[in-house]
Amino acid sequence: MLLFGCAKRLVKRLPISCQDEQRHVSAEVNVAMSQRFLLSFKGGRSTKSLPFFSFCCKLYSSRSCNEVLSNGVARRKKEIDFEHLFKSCTKIYILKCLHALLVVSGKAQSIFIGTRLGNLYAHLGDVSLSLKTFCVIENKDAYIWNSMISSYVRNGNFRESLNCLNEMLSTADVKPDFYTFPPVLKACGNILDGARIHCWASKLGLEWDVFVAASLVHMYCRFQSSTVAFKIFKNMPFRDMGCWNAMISGFCQNGNAIEALSLLNEMRLEGIKMDSVTIATVLPICGQLDDIVHGMLIHLYVIKHGLELDVFVSNALINMYARFGELRHAQKVFDDMIVRDLISWNSLIAAYEQNNVPEKALKYFHEMMVNEIQPDLLTIVSLASSTAQTKSFHCCRSIHGFILRRCWIQEDVIVCNAVVDMYAKLGFIHCSRKVFDEMLVKDVVSWNSMISGYAQNGLASEAIELYNMMKKCDDVAPNQGTWVSILPAYAHLGALREGMRTHGHVFRVALNLDVFVGTSLIDLYGKCGRLDDAMSLFYEVPRMITVPWNAIISCHGIHGNGRVSLKLFNDMLGEGVKPDHVTFLSLLSACSHSGLVDEGKRYFHMMEQEFGIKPVLKHYGCIVDMFARAGRLETAYRFIKSMPLQPDASVWGALLGACRIHGNVELGKLASDNLFEVDPENVGYYVVLSNIYANYGKWEGVNEVRSLARDRGLKKTPGWSSIEMNNKIEVFYTGNQSHPQCHEIYEELSILTAKMKTLGYTPDYTFVLQDVMDDEKEQILTSHSERLAIAYGILNTPHRSPLRIYKNLRVCGDCHNVTKLISKITEREIIVRDSNRFHHFKDGVCSCGDYW
């Protein structure tokens, strides 16, 4: 009845005239035909349209439809205005009514009307009805075939559109024209389909039509065949603006930024002016090439030709300036916009989020809501990232609630991934895991976000466990993001064998030369003590950006090869790679580990004066650590007092650690007091201060610090060391008595200790932090975790084979001396990675030169 009422109202709005006697008879005959026609359509609503046929029949057969004028003269009403009816069809069921009316009126067989019906069905999303309309039309010409192909493409039925073209080609009396190929080229799912259609276009002499050629350029660029696309482009007898834009866009899609700019210059030399599409295509290239000058020249062109009012262009300018960190210019472009769409707001919010100004990003989100602009998925992703940067759990929960109220978290996996990542970056990994577990659909990004969250929060074992779960999912395949997330977890645990196995997977999928995956592999081998392998990988990956340079400089730094790090930095400058703040962080850390104080001071000043990089707290922390390690504690303290930034835990922690090494109790107490204010929950600082007191026998101070830690509910992190053997990682805790080979391990240590004493070894009891007798102190030193792991390795590996040990805390001085002697006695290389750096023990000497 709803369909009948709607159709009745539709017809009542129109002026209707009666036709002559024969017309009415014809209409009555067509009613039966139209009933059979509509019943042939499949669908729930078609039968509801049947009352409308009776209505149409009465409408056409009634003889009383003459209008009587005031003077008694009858006249015929006007015919039905089908043009108005077509414009009124905004729903499928209304269009079905019109279709029935056209069948009754005998107009449905017209090629023009039939094509229009088919196009309208396709526009309203019902391709099946469009196809039925197409099938009943006799004597189809190229126009109707093209319309059907376009209908399929518009609705995403790409395979059907290709099948339709094949059917058209098999019809001898109809041949494709230049309108046929542009839509069907969009439907190609692979380059073979595209090449086949290209052959047909060439055979029919349509290859050089401007629209067909532009579509061929688009198609080949889509399948990374920009060389073929450019050949077609160069051979075109005429090129319009769309062709130039297509080729420039194709170069951009294939990462050929230089070729794109070169083609742009060629276009301008031919006197063709850039339009809004050209500008929006070219501006991202300036970011890829780090060429802000070119971007600003294009901005001047925009202003000169009055294109700044184009929303599309302004949005591209905002994104371009954001890429260069020029937020002032991005803001001005936004402020000058007369009309702003959702993309404009998203671009500005993302600009502040990507440049670590979360407060402004949140401010403009609130302003966007005030202006009644509804956010979309991209808004939420930027918002979640900005919230994570604020480190505000309350704000994080508010964003989560905002998403839940709109039911977005159940509807879209992208939003879920953003929430998982947001909680992980804030350190609330349990909340992140809860959201992850409740996701109905998980894609590869979901797994990557959770794995990365565990790895970034120091939970490497959990990251590896989740990665193993991911590998069991048949519908998810690891990608670049997966490898970049899991390899640092293997590096953190020193799981070299598992890392090498993952390297094999990466090699099989041809991602080993990807700059980010390759850098993760460099980091893995470097942190697992395989510097030669790390260097080999470094020379294989692309080195046009800072990422691989930063990794290899850092690897040599933690191995104590400060001079090599400096040489690599100079090589980097020689290859034209501009350093960033991470580069200088790695460089200053390398200077600190190697005692290169003068060099460190020089590079610290170079960072700001020559490269315009403003130091952050981590850079200041490296300088403090460098001075303090070298024994210049007062210099380090004066440097802290002169800092333009408020010192954080990393700065005071560097000073406190050096005070323990050099035995400065007073300065250590001052540093710890500041640490307890800025980071009162870090138990490590209480332990270090306690150790300083214990080294000088100030047991009252030890008890006071330990009592303070207990009152705050803090527990000391237990020391452990691990060694990988037989595809298994064995972990030893200090004083471990539960290992199956416990008796053999302690017996081996007893034998080694006796041999060391013959070489002049004397236990250093200052590293025992308990007030006990000397014989008990020696037992405590002997049971340190790294010694247990070394003894286990000696018992279970061939003679003279190297050992790799990983320790979660700093190696104590006594264990450092012992390991040097063991390397000499056993003629082995022993590589120990502690929480600070690597130690390569060989022939009784350590690579750190006793400077750590």
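Per an unreviewed UniProt entry, the recorded name for the protein is Pentatricopeptide repeat-containing protein At4g33990 isoform X1, and the organism is Nicotiana sylvestris. Recorded under Sequence similarities (unreviewed entry), the UniProt text for the protein is reproduced unchanged: "Belongs to the PPR family. PCMP-H subfamily."

Student: Honestly, the overall build of the protein in this entry has me stumped. Any pointers?
Tutor: A tally of regular secondary structure across the protein gives 46 helices and eight strands. Here the protein holds 852 residues, and the buried ones make up 51% of them. Of the roughly 40,900 Å² that the protein leaves accessible, carbon and sulfur atoms contribute 54%.

Student: Please explain the nonpolar core as it appears in this structure.
Tutor: Soluble, globular proteins show a tendency: their nonpolar side chains are buried together. Membership of the largest hydrophobic core comes to 200 residues, with the highest contact counts inside it found for Ile279, Ile486 and Leu655. Residues in contact with Leu655, not counting those within four places in the same chain, are Val624, Leu633, Ala636, Tyr637, Ile640, Leu667 and Ala671. Residues Leu749, Ala789, Leu803 and Ile822 belong to the second largest nonpolar core, which totals 27 residues.

Student: Whenever I open this one, the side chain of Ser520 confuses me. Can you help?
Tutor: Summarising the element assignment, Ser520 is placed in helix 31 (residues 515-527). Residues contacting Ser520, with those up to four places away along its chain left out, are Val484 and Leu487.

Student: Got a minute to help me understand the packing of helix 6 (residues 111-123) against helix 7 (residues 127-136) in this structure?
Tutor: Each packed pair of helices is defined by two parameters, the angle between the axes and the distance between the axes. Following both chains from N to C, one finds helix 6 and helix 7 inclined at 170 degrees, their axes separated by 7 Å at the closest point. By the angle between their axes, helix 6 is roughly antiparallel relative to helix 7. Here Gly114, Leu117, Gly118, Tyr121 and Ala122 of helix 6 lie close against helix 7, whose contacting residues are Leu129, Ser130 and Thr133. Among the residues making up the contact of helix 6 with helix 7, the classes are represented as four nonpolar, four polar and no charged.

Student: I keep staring at the pattern of salt bridges and nothing clicks. Help me out?
Tutor: Oppositely charged side chains can form a pair if their charged atoms are brought close together. A full pass over the atoms with the stated rule returns 20 salt bridges. The salt bridge involving Asp193 is made with Arg159; its shortest N-O contact spans 3.1 Å. With Asp193 in helix 11 (residues 191-203) and Arg159 in helix 9 (residues 158-170), this residue pair connects regions lying 34 residues apart in the sequence. Arg629 is paired through a salt bridge with Asp625; the nearest N and O atoms lie 2.7 Å apart. Remark: Asp625 and Arg629 occur in helix 37 (residues 617-629); sequence separation between them is four residues, near one turn of the helix. By relative accessible area, Arg629 is classed as buried at 10%.

Student: Would you mind showing me how to read the packing of helix 33 (residues 546-558) against helix 34 (residues 562-574) here?
Tutor: Packing of helix 33 against helix 34 brings their axes to within 7 Å, and their N-to-C directions diverge by 165 degrees. Between helix 33 and helix 34, the crossing angle belongs to the class labelled roughly antiparallel. Here the hand of the crossing between helix 33 and helix 34 comes out left-handed. Residue-level contacts link Thr546, Trp549, Ile552, Ile553, His556 and Gly557 of helix 33 to Gly562, Val564, Ser565, Leu568, Phe569, Asp571 and Met572 of helix 34.

Student: Where do I start with the UniProt feature "repeat: PPR" (unreviewed entry) in the protein in this structure?
Tutor: Under the UniProt annotation, "repeat: PPR" (unreviewed entry) lies at residues 141-176, 240-274, 310-340, 341-375, 443-477, 514-548 and 580-615. Secondary structure over residues 310-340 splits into 74% helix and 0% strand, and the C-alpha atoms at its two ends are 10 Å apart.

Student: Is there a simple way to explain helix 8 (residues 142-154) in this structure?
Tutor: Residue pairs three or four apart in sequence face the same way in an α-helix, which turns once every 3.6 residues. With 13 residues, helix 8 ought to run about 18 Å at 1.5 Å a step, and its terminal C-alpha atoms sit 18 Å apart, in line with that. A large share of helix 8 lies buried, amounting to eleven of its 13 residues. Among the residues making up helix 8, those that are buried are Ala142, Ile144, Trp145, Asn146, Ser147, Met148, Ile149, Ser150, Ser151, Tyr152 and Val153. Buried positions along helix 8 lie against helix 6, helix 7, helix 9 and helix 10 (181-186). Directly after helix 8, the chain includes Gly156, whose backbone phi takes a positive value near 80 degrees.

Student: Help me out: how do you make sense of the side chain of Lys820 in this one?
Tutor: By the secondary structure assignment, Lys820 is in helix 46 (residues 813-826). Residues within four places of Lys820 in sequence aside, it is in contact with Phe841, Gly844, Val845, Cys846 and Asp850.

Student: How do you make sense of unusual backbone geometry when you look at a structure like this?
Tutor: Among all residues except glycine, the phi angle is most often negative; among peptide bonds, the trans geometry is most common. If you check the backbone angles, Glu372 has positive phi at about 60 degrees while not being a glycine. Assessed through its relative accessible area of 67%, Glu372 is described here as exposed. With a phi angle near 55 degrees, Asp843 is a residue other than glycine that sits in the positive phi range. Note that Asp843 resides in the loop between strand 7 (838-842) and strand 8 (845-846). Asp843 gets classed as exposed once you look at its relative accessible area, which sits at 57%.

Student: Explain a nonpolar patch on the surface to me, please; I cannot follow it from the model alone.
Tutor: Taken together, the side chains of Val293, Leu297, Leu300 and Ile303 present a nonpolar region at the surface, about 400 Å² in accessible area. Counting through the fold element by element, Val293 comes out in helix 17 (residues 292-304).

Student: How do you make sense of the pairing of strand 3 (residues 720-725) when you look at a structure like this?
Tutor: Along a regular strand, successive side chains alternate from one face of the sheet to the other. By the bridge criterion, six bridges tie strand 3 to strand 4 (residues 728-733) in an arrangement that is antiparallel. Across the sheet, the residue bridging to Trp720 is Tyr733, located in strand 4. A loop of two residues connects strand 3 with strand 4, the two strands running antiparallel in sequence, and Asn726 in this loop sits at a positive phi of about 55 degrees. Looking at chain direction, strand 3 and strand 5 (residues 803-807) are connected through two bridges and run antiparallel. The residue of strand 5 that forms the bridge with Ser721 is Lys807.

Student: Can you help me understand the packing of aromatic side chains in this one?
Tutor: Both the distance between ring centres and the angle between the ring planes are used here to describe each pair of aromatic rings. Scanning all chains against the criterion turns up 22 aromatic pairs. Pairing Phe365 with Phe402 gives two aromatic rings, centres 5.7 Å apart and planes at 85 degrees, and the pair type is edge-to-face. Taken as a pair, Phe365 in helix 21 (residues 358-370) and Phe402 in helix 23 (residues 393-405) lie far apart in primary sequence, 37 residues in all. Take Phe365 and Phe402: they sit in the same class, and that class is buried.

Student: I would appreciate a short explanation of the environment of Trp652 in the present structure.
Tutor: As for its placement among the helices and strands, Trp652 is situated in helix 39 (residues 649-662). Sequence separation between Trp652 and Ile640 is twelve residues, and the spatial gap between their C-alpha atoms is 8.3 Å. If we ignore the near neighbours within four places in the chain, the residues touching Trp652 are Tyr637, Ile640, Pro647, Leu670, Ala671, Asn674 and Leu675.

Student: In this structure, what is going on with the pairing of strand 6 (residues 830-833)? I would like to understand it.
Tutor: Here strand 6 shows two buried faces, one formed by Ile830 and Val832 and the other by Ile831 and Arg833. Handedness of the crossover is the feature at issue here: the chain leaves strand 5, passes through helix 46, returns alongside strand 6, and the resulting connection is right-handed. Direction of pairing for strand 6 relative to strand 7: antiparallel, over a ladder of four bridges. Paired with Ile830 across the two strands is Phe841, which belongs to strand 7. Counted between consecutive antiparallel strands, the loop separating strand 6 from strand 7 contains four residues.

Student: Which parts of the structure should I look at to understand helix 22 (residues 377-390)?
Tutor: Helix length check: helix 22 (14 residues) gives 20 Å between terminal C-alpha atoms against 20 Å at 1.5 Å per residue, within 8%. Taking the backbone nitrogen of Leu378 as reference, a side-chain oxygen 3.2 Å away marks Asp376 as the first, capping residue of helix 22. One or two positions beyond helix 22, positive phi appears at Lys391, with a value near 60 degrees.

Student: Help me understand the confidence of the model for the protein, please; the structure alone is not making it clear to me.
Tutor: Low pLDDT means the predicted atomic positions in that stretch should not be read closely. Per-residue pLDDT for the protein averages 81, and the proportion of residues at 70 or more is 89%. Looking over the protein, one finds the lowest element-wise mean pLDDT in helix 2 (residues 21-39), namely 40, and the highest in helix 34, namely 94. Per-residue pLDDT stays below 50 along residues 1-78; that stretch engages in 101 contacts with residues further than four places along the chain or on separate chains.

Student: What should I look at first to understand the sheet that holds strand 4 in this one?
Tutor: Strands pair in a sheet through their backbones, by hydrogen bonds, and they do so in one of two ways: parallel or antiparallel. Across the sheet, six strands lie side by side as 4-3-5-6-7-8; this open sheet has mixed pairing. Each edge of the sheet is formed by a strand with only one pairing partner; in this case those strands are strand 4 and strand 8.

Student: I would appreciate a short explanation of the environment of Asn146 in the present structure.
Tutor: Mapped onto the elements of the fold, Asn146 is located in helix 8. On the basis of relative accessibility, which here comes to 7%, the residue Asn146 falls in the buried class. On a C-alpha basis, the gap between Asn146 and Leu165 in space is 8.6 Å, while along the polypeptide they are 19 residues apart. Sequence-distant contacts of Asn146, defined by excluding residues within four places in its chain, comprise Met168, Asp177, Tyr179 and Thr180. One polar contact links Asn146 to Asp177, side chain to side chain, over a distance of 2.9 Å.

The rules behind the values
- Each chain has its residues counted from 1, following the order in which its sequence is written.
- A pLDDT threshold of at least 70 governs which residues receive local features in this predicted model, and a stricter bar of 80 or more applies before side-chain atom pairs are shown or counted, although totals over entire chains, interfaces and linings include all residues.
- Water and hydrogen atoms were dropped before computing side-chain values, which therefore reflect all heavy atoms in the structure.
- UniProt positions are given in the numbering used here, feature names are shortened, and annotations may be inferred rather than shown by experiment.
- Working definition: helices are DSSP H or I runs of at least four residues, strands are E runs of at least two. Numbering for both runs from the N terminus.
- Throughout this description, buried means an accessible area under 20% of the type-specific maximum (1.4 Å probe, protein chains only), exposed means over 50%, and partly exposed covers the range between.
- Here, Shrake-Rupley sampling with a 1.4 Å probe gives the accessible areas, and only protein chains in the shown set may cover a residue.
- For this analysis, a nonpolar core means a set of buried residues of the types Ala, Val, Leu, Ile, Met, Phe, Trp, Tyr and Cys, connected via side-chain atoms within 4.5 Å.
- Residues are treated as being in contact if the distance between any of their heavy atoms lies within 4.5 Å.
- A fitted line through C-alpha atoms represents every axis, and for helices the fit uses only the stretch in contact; the resulting angles, taken between N-to-C directions, go from 0 to 180 degrees.
- For classification purposes, angles smaller than 35 degrees are called roughly parallel, those larger than 145 roughly antiparallel, those between 65 and 115 roughly perpendicular, and all remaining angles oblique.
- Each residue is assigned to one class: nonpolar for Ala, Val, Leu, Ile, Met, Phe, Trp, Tyr, Cys and Pro, charged for Asp, Glu, Lys and Arg, and polar for all the others, Gly among them.
- Each reported salt bridge corresponds to a side-chain nitrogen of Lys or Arg within 4 Å of a carboxyl oxygen of Asp or Glu.
- By convention, the crossing between two helices is left-handed when the near helix turns anticlockwise from the far helix through less than a right angle, and right-handed when the turn is clockwise.
- The span you would expect from a helix comes to 1.5 Å times its residue count less one.
- Patch membership requires more than 30% relative accessible area and the absence of a salt bridge. Residues of like charge join within 9 Å; the nonpolar side chains Val, Leu, Ile, Met, Phe, Trp and Tyr join within 5 Å.
- Paired strands, as defined in this entry, are two strands with at least two bridges between them according to DSSP.
- Stacked, tilted and edge-to-face are the three classes applied to pairs of Phe, Tyr and Trp rings, where Trp contributes its six-membered ring and a pair requires centres within 6.5 Å; stacked means planes under 30 degrees apart, edge-to-face means over 60, and tilted covers the rest.
- For a crossover, the right-handed case is the one in which the path from the first strand over the helix to the second runs clockwise, viewed with the strands pointing away from the viewer.
- What qualifies as a polar contact is a pair of N or O atoms within 3.5 Å, subject to a donor-acceptor requirement within protein and to the restriction that residues adjacent in sequence count only when both atoms come from side chains.
- Across the chain, each position has a pLDDT score giving the predictor's confidence in that residue, from 0 to 100.

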